[in-house]
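In case you want the letters, here they are:
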Amino acid sequence: MATGAADSNGTTAAATRAAFAPSEWGDYFITYDPPLAQRSEEWMREKAEELKQRVQKMFVFEDGSVAGAVALVDTLERLGLEGHFREEIAAAITRIQLAGQESTGFVGGSDAHDLGVTATRFRLLRQHGLWVSTDVFDRFRDGDGNFSASLSSNTDDPRILLSLYNAAHMAVPGDVDAVLDNARFFARRCLEAMAKGELLSPAAEQVARALDHPLPRFTGLLETMRYVAEWWRDLYDTVNLRYARDRMVEIYFWSCGMIPEEELSRARLMFAKTFGLVSILDDTYDVHATAEECLSLTQAMQRWDESAVPVLPEYLRILYIKTLSTFKEFEDLLEPHEKYRMSYAKKAYQLQAEYYMQEAQWSSDKYRPSFKEHEELCGKSCDLIMLNLVALMGYGASATKELFEWAFAIPDVVRAGTQIGRFLNDISSYKLGKNKKDLPSGVECYMMEKCVTGEEAVAAIATMIEERWRTMNKACMEMDRALLPVAQLVANIARSNEVIYLCGRDGYTFGSHIKDLVTALFLDPIPL
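Cut-offs and rules
- Residues numbered from 1 in each chain as written.
- Predicted model: local features only at pLDDT ≥ 70, side-chain atom pairs only at ≥ 80, totals over all residues.
- Heavy atoms only, no water.
- Helix = DSSP H or I, 4+ residues; strand = E, 2+ residues; numbered from the N terminus.
- Expected span 1.5 Å × (residues − 1).
- Disulfide = S-S within 2.5 Å.
- Salt bridge = Lys/Arg side-chain N within 4 Å of Asp/Glu carboxyl O.
- Buried < 20%, exposed > 50% of the residue type's maximum accessible area, 1.4 Å probe, protein only.
- Polar contact = N/O pair within 3.5 Å; in protein donor to acceptor, adjacent residues only side chain to side chain.
- Core = buried A, V, L, I, M, F, W, Y, C linked by side-chain atoms within 4.5 Å.
- Axes fitted to C-alpha atoms, helices over the stretch in contact; angles between N-to-C directions.
- Parallel < 35°, antiparallel > 145°, perpendicular 65-115°, else oblique.
- Left-handed = near helix turned anticlockwise from the far one by under 90°.
- Contact = heavy atoms within 4.5 Å.
- Nonpolar A, V, L, I, M, F, W, Y, C, P; charged D, E, K, R; others polar.
- Phe/Tyr/Trp six-rings, centres within 6.5 Å; stacked < 30°, edge-to-face > 60°.
- Lys NZ or Arg CZ within 6 Å of the ring centre and 35° of its normal.

Asks: What exactly am I supposed to notice about helix α14 (residues 341-364) here?
Replies: Working note: α-helix, 3.6 residues per turn, so residues spaced by three or four point in the same direction. Taking 1.5 Å per residue as the helical rise, α14 with its 24 residues ought to reach 34 Å, and the 35 Å between its terminal C-alpha atoms agrees with that figure. Immediately beyond the C-terminal end of α14, within one or two residues, lies Lys 366, with a positive phi of roughly 55°.

Written out as structure tokens, the structure reads:
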């Protein structure tokens, strides 16, 4: 770990540090299986929630495909988004149930694809407390009651068998003919054979996890964490930019502190994914790209279209394409009346690239900004203004267009919250060291401008942090109640930053600094 070094004037200057350390967690949360006691507690909570959902309308599915409705409901629930669609999902579940009873709009073949839809439908309905007979599996069995061996012929894609295996864990006392016992045995045997083969990631991890811990008995929080971890592993490995920080576990920890409400899981997911993308973007500008490459990347971001791919260096093209596709996924998650929000999030991301470009230009020119210049630019480039808008995009009806307009204009409460994060990061980078291409930190700018020691500069900036907190506290008490969602988000970001950068540490760059907190939040059972 880098430490401060004395300069020729007797003050302490921030040292530089080597390349970013690898992730503290690797693929831990992709393969993690919680202990039995925690599993049982979470499973009972999930079942109680399902019973509650029986009397709620949750989701209205416009498309005529029942298979599509099954897939959509399953995806939303596995992502922890059901709180946003309670009424719509209830309506969809009813429709899915009736489609099976009436054989209308429901696939009725006996091939593997139909088994996947049938099994997922069976699991969803039973998870929602609706009785489904095991007779729905009869057409997939032979005269002796065994499942057809042809259903396991695709040894490269385990998804169909995983659907059957998960459905088999929804057995109840009174199920006749041991159909689900046979289904569990058949699917497990086939999946174990696949696991011994050459399954690629993430299919191999999904199979291993299901064999130890089937989906209906898995905690929702960790399932979302696992989904995000798998998404990140695919992104990080695909873009293949090893100079960038591998920190999705820390990002998800951050997002849970910022957006803890269960019903805001859509916002939490958007925040975490965007944070991951912009972290790679930040490290590209900061530690790797040349000035010319930074310029081409900034120009491509302003165009926001795949036609800009050829102007980019080859190593940045996949990152750019993944950025566009991820934002398109966000747009698809929005209701028609919410889609206007995309313009704010996209513009904020484009501005982020411009801020990074300005920093890169200062670094290339070896320009030493004044403390005021540093505060103005780096307060914007610290991502929090943009991430605040992205998170708001995932909110429900409380996030109005007027709220987006107000937040985009960077009012005092937003500025104060982002400056808290910026100043905390500045103190950390001064104490722990920074990358060779990084600009002088705010501490260093203050030292040079005021001719003070590092300790004096840190103390002065700590006072500024306290002032910004007071500004934010006052604003939250005096503002229009309709604007509170933004203020609460900003306050939660600031609180998360206080945890990440506590006492000068940097729990994002150095994941080991908050490993115990991640363990406590996601892994340690709560004593009763």
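Read on, since the account is not over.
Asks: Even after reading the chapter, I still don't get the state of the cysteines, so can you show me in this structure?
Replies: Working definition of a disulfide: a covalent bond connecting the sulfur atoms of two cysteines. The final tally for this structure, using the stated rule, is zero disulfides. Looking at the unpaired Cys 382, the closest cysteine sulfur is the one in Cys 378, lying at 8.6 Å.

Asks: Teacher, can you tell me more about the pattern of salt bridges here?
Replies: For side chains bearing opposite charge, pairing can occur when the charged atoms are close. Scanning the entire structure with this criterion turns up 22 salt bridges. Ionic pairing is found between Arg 422 and Asp 426, a salt bridge with its closest N-O pair at 3.3 Å. One end of the pair, Arg 422, and the other, Asp 426, are both in helix α18 (residues 412-432), four residues apart, so they sit about a helical turn from each other. Grouping residues by exposure puts Arg 422 and Asp 426 together as buried.

Asks: Would you mind going over the side chain of Ser 429 with me for this structure?
Replies: Inspection of the secondary structure puts Ser 429 in helix α18. Overall, Ser 429 belongs to the buried group, its relative accessible area being 14%. A polar contact of 3.1 Å, which involves the side chain of Ser 429, links it to the backbone oxygen of Asp 426.

Asks: How should I be thinking about the nonpolar core in this particular structure?
Replies: Judged by nonpolar contacts, the single largest core of 116 residues is most densely connected at Phe 29, Tyr 285, Tyr 349, Leu 392, Met 393 and Phe 522. The leading source of residues in this core is helix α11 (residues 265-288), at 11 residues.

Asks: Is there a simple way to think about the packing of α11 against helix α13 (residues 317-333) in this case?
Replies: Packed helices, taken two at a time, are described by their axes: the angle between them and the distance between them. The contact between α11 and α13 brings their axes to 11 Å, and the two run at 165°. As the angle between them shows, α11 and α13 are arranged roughly antiparallel. As α11 runs across α13, the sense of the crossing is left-handed. Each of Arg 266, Met 270, Lys 273, Thr 274, Leu 277, Ile 280 and Thr 284 in α11 lies in contact with α13, whose residues at this interface are Leu 319, Thr 323, Thr 326, Phe 327, Glu 329, Phe 330 and Leu 333. In terms of residue class, the contact of α11 with α13 is built from seven nonpolar, four polar and three charged.

Asks: Quick question: what am I supposed to make of the packing of aromatic side chains here?
Replies: We describe a pair of aromatic rings using the distance from one ring centre to the other and the angle between the two ring planes. Going through the model one piece at a time under the given rule, you end up with 26 aromatic pairs. Taking 5.8 Å as the distance between ring centres and 75° as the angle between the ring planes, the aromatic pair formed by Phe 29 and Phe 522 counts as edge-to-face. You can see Phe 29 sitting in helix α1 (residues 28-31) and its partner Phe 522 sitting in helix α22 (residues 515-522), a full 493 residues away along the chain. In this structure Phe 29 comes out as buried when scored by relative accessible area, which is 3%. A centroid spacing of 6.0 Å and a plane angle of 70° characterise the contact between Trp 304 and Tyr 349, whose relative ring orientation is edge-to-face. Pair noted here: Trp 304 is in the loop between α12 (291-303) and α13 and Tyr 349 is in helix α14, with a separation of 45 residues, a long-range link. Here the two residues Trp 304 and Tyr 349 agree in accessibility, since each one is buried. Within the aromatic cluster, the residues linked to one another by ring pairs are Trp 25, Tyr 28, Phe 29, Tyr 252 and Phe 522. In this structure, Arg 245 is placed above the aromatic ring of Phe 20, and the distance from its NZ or CZ to the ring centre is 4.8 Å.

Asks: Mind showing me how you'd approach the packing of α18 against helix α21 (residues 484-500) here?
Replies: Interaxial distance between α18 and α21 falls to 9 Å at its minimum, and their mutual angle equals 10°. In terms of axis orientation, α18 runs roughly parallel to α21. Contacts between α18 and α21 involve Val 413, Val 414, Gly 417, Ile 420, Gly 421 and Leu 424 on the former and, on the latter, Val 486, Ala 487, Val 490, Ala 494, Asn 497 and Glu 498. Looking at the contact of α18 with α21 residue by residue, the classes come out as eight nonpolar, three polar and one charged.

Asks: Please explain the environment of Thr 326 as it appears in this structure.
Replies: Residue position: Thr 326 is located in helix α13. In this structure, Thr 326 is in contact with Trp 231, Lys 273 and Leu 277, ignoring residues within four places of it in sequence.

Asks: Any chance you could explain unusual backbone geometry here in plain terms?
Replies: Where the residue is not glycine, phi is negative for most of them; where a peptide bond is considered, it is trans in most cases. The phi angle at Asn 240 is positive, at roughly 55°, despite the residue not being glycine. With respect to the helices and strands, the residue Asn 240 is situated in the loop between α9 (220-239) and α10 (248-258). Asn 240 sits in the partly exposed class, given a relative accessible area of 47%. Here the phi dihedral of Lys 366 falls at roughly 55°; this positive angle occurs in a residue that is not glycine. With respect to the helices, strands and loops of the structure, Lys 366 is situated in the loop between α14 and α15 (371-381). When its relative accessible area of 71% is taken as the criterion, Lys 366 is described as exposed.

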